[in-house]
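So you can see what is in the structure, the chains are spelled out below.
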Amino acid sequence: GAVVSQHPSWVICKSGTSVKIECRSLDFQATTMFWYRQFPKQSLMLMATSNEGSKATYEQGVEKDKFLINHASLTLSTLTVTSAHPEDSSFYICSASPERSLGNSPLHFGNGTRLTVT
Amino acid sequence: GQNIDQPTEMTATEGAIVQINCTYQTSGFNGLFWYQQHAGEAPTFLSYNVLDGLEEKGRFSSFLSRSKGYSYLLLKELQMKDSASYLCAVRDGDYKLSFGAGTTVTVRA
């Protein structure tokens with residue numbers, strides 16, 4: 001159980017375009033999902049906390065107008081990278097945890113999306 | 001922010017034991033996690049500690065001392081497939097999970 005699906009697995013886009021990444025919890029409901037970014041040979045950095053039915057909470061230094069997060073249902077959160085630039089090229093990973101055991105349950109991660117902006 | 005430190009790299013021989021240490025300083029504490037990550041893939045959950053002591057799961061064990069802000073992951077009977085990055089992650093008082101930079105373990109025959 002506790003499967004998180006992320007789509008697409010990889011995407012190449014031109015500079016200035018927008019890219020949408022979907023994160024779904026397949027067998028559980030999650031009012032909270034988390035979006036991370038990982039640059040090569042670096043650790044995962046939390047970008048934002050996605051809250052179902054309300055605004056996302058962004059970490060310091062993350063532009064909320066550039067990284068749009070929508071959490072419209074209990075099983076789906078989307079991250080849209082707007083006006084992408086080459087420096088946005090990274091590995092984006094979403095995660096979630098079954099609500100009833102958030103206190104002692106590990107986060108389960110999607111397979112990640114490799115974004116390359118040319 | 002959180003401060004989580006772990007060694008950058010470790011090398012060990014197949015069949016041996018390796019211990020990866022992690023020290024942390026966080027605002028509030030709601031558990032420490034260890035994840036394994038192979039290159040280009042998402043992290044997979046290995047272990048969880050919230051109380052002091054040792055948690056054993058097969059070849060992997062994890063230890064926690066909350067008073068010392070210290071944990072270690074012990075990998076026994078190393079196999080080649082254990083070559084990966086091991087991430088120490090701490091859940092703070094707001095239930096945010098922050099990661100250390102990861103320890104790259106290389107298993108040699």
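Structural data are supplied above this passage.
Below, the structure is looked at part by part. Just so it is clear, the model here is predicted, and its values are computed rather than measured.

## Comments concerning the nonpolar core
Grouped burial of nonpolar side chains is what soluble globular proteins tend to show. In terms of nonpolar packing, the biggest core is built from 25 residues, with W35, F67, L79, Y92 and L115 of chain A touching the most fellow members. Looking at this core, the elements that each hand over two or more residues are β2 (10–13), β3 (19–25), β4 (32–38), β5 (45–51), β7 (67–73), β8 (76–81), β9 (90–96) and β11 (113–117) of chain A. Residue contacts for Y92 of chain A: discarding those within four places in its chain leaves Q6, I21, Y36, R37, M47, F67, L79, G112, T113 and L115 of chain A. With 20 residues, the next largest nonpolar core counts I4, I20, A84 and V105 of chain B among its residues.

## A closer look at unusual backbone geometry
With the exception of glycine, most residues fall at negative phi, and the peptide bonds are largely trans. All names here are of chain A. With omega at 0°, the peptide bond leading from H7 into P8 counts as cis. Relative to the assigned elements, P8 resides in the loop between β1 (4–7) and β2. Phi at K41 is positive, roughly 60°, even though this residue is not glycine. Inspection of the secondary structure assignment puts K41 in the loop between β4 and β5.

## Quick word on the pairing of β5 of chain A
Residue and element names in this part refer to chain A. With respect to burial, β5 is a largely interior element, six of its seven residues being buried. The sheet contact formed by β4 and β5 spans six bridges and is antiparallel. By the bridge assignment for β5, F34 is matched with T49. Once β4 ends, the chain turns through six residues before running back antiparallel as β5, passing K41 with a positive phi of about 60°. The pairing of β5 with strand β6 (residues 57–58) spans two bridges and is classified as antiparallel. Directly across from T49, in β6, lies its bridge partner T57.

## A look at the pairing of β3 of chain A
Residues and elements named next belong to chain A. Burial along β3 is one-sided: the face carrying V19, I21, C23 and S25 is buried and the face carrying K20, E22 and R24 is not. Pairing analysis gives four bridges linking β1 to β3, with the strands arranged antiparallel. Along β3, the bridge assignment pairs H7 with E22. Judged from the six bridges that link them, β3 and β8 form a sheet pairing that is antiparallel. Bridging across to β8, R24 finds its partner in L76.

## Notes on the interface of chain B and chain A
On the chain A side, the residues contacting the 18 residues of chain B number 20 residues. Across the interface of chain B and chain A, roughly 1500 Å² is buried in total on both sides, 58% from carbon and sulfur atoms. If you sort the residues of chain B by the area they bury against chain A, R91, K96 and F99 of chain B come out on top, with a joint share of 30%. Our count for the chain B to chain A interface comes out at one salt bridge. As a salt-bridge pair, E59 of chain A and K96 of chain B come within 2.8 Å of each other at their nearest N and O atoms. Between chain B and chain A we count four residue pairs in polar contact (both at pLDDT 80 or more) in total. By residue number, the principal contributor to the side of chain B that touches chain A is strand β4 (residues 32–37) of chain B, which donates three residues. Here the side of chain B that touches chain A is built from residues that sort into eleven nonpolar, four polar and three charged.

Reading the values: rules and limits
- Residues numbered from 1 in each chain as written.
- Chains lettered and ligands numbered in written order.
- Predicted model: local features only at pLDDT ≥ 70, side-chain atom pairs only at ≥ 80, totals over all residues.
- Heavy atoms only, no water.
- Core = buried A, V, L, I, M, F, W, Y, C linked by side-chain atoms within 4.5 Å.
- Buried < 20%, exposed > 50% of the residue type's maximum accessible area, 1.4 Å probe, protein only.
- Helix = DSSP H or I, 4+ residues; strand = E, 2+ residues; numbered from the N terminus.
- Contact = heavy atoms within 4.5 Å.
- Pairing = 2+ DSSP bridges.
- Buried area = accessible area lost by both parts, 1.4 Å probe.
- Salt bridge = Lys/Arg side-chain N within 4 Å of Asp/Glu carboxyl O.
- Polar contact = N/O pair within 3.5 Å; in protein donor to acceptor, adjacent residues only side chain to side chain.
- Nonpolar A, V, L, I, M, F, W, Y, C, P; charged D, E, K, R; others polar.

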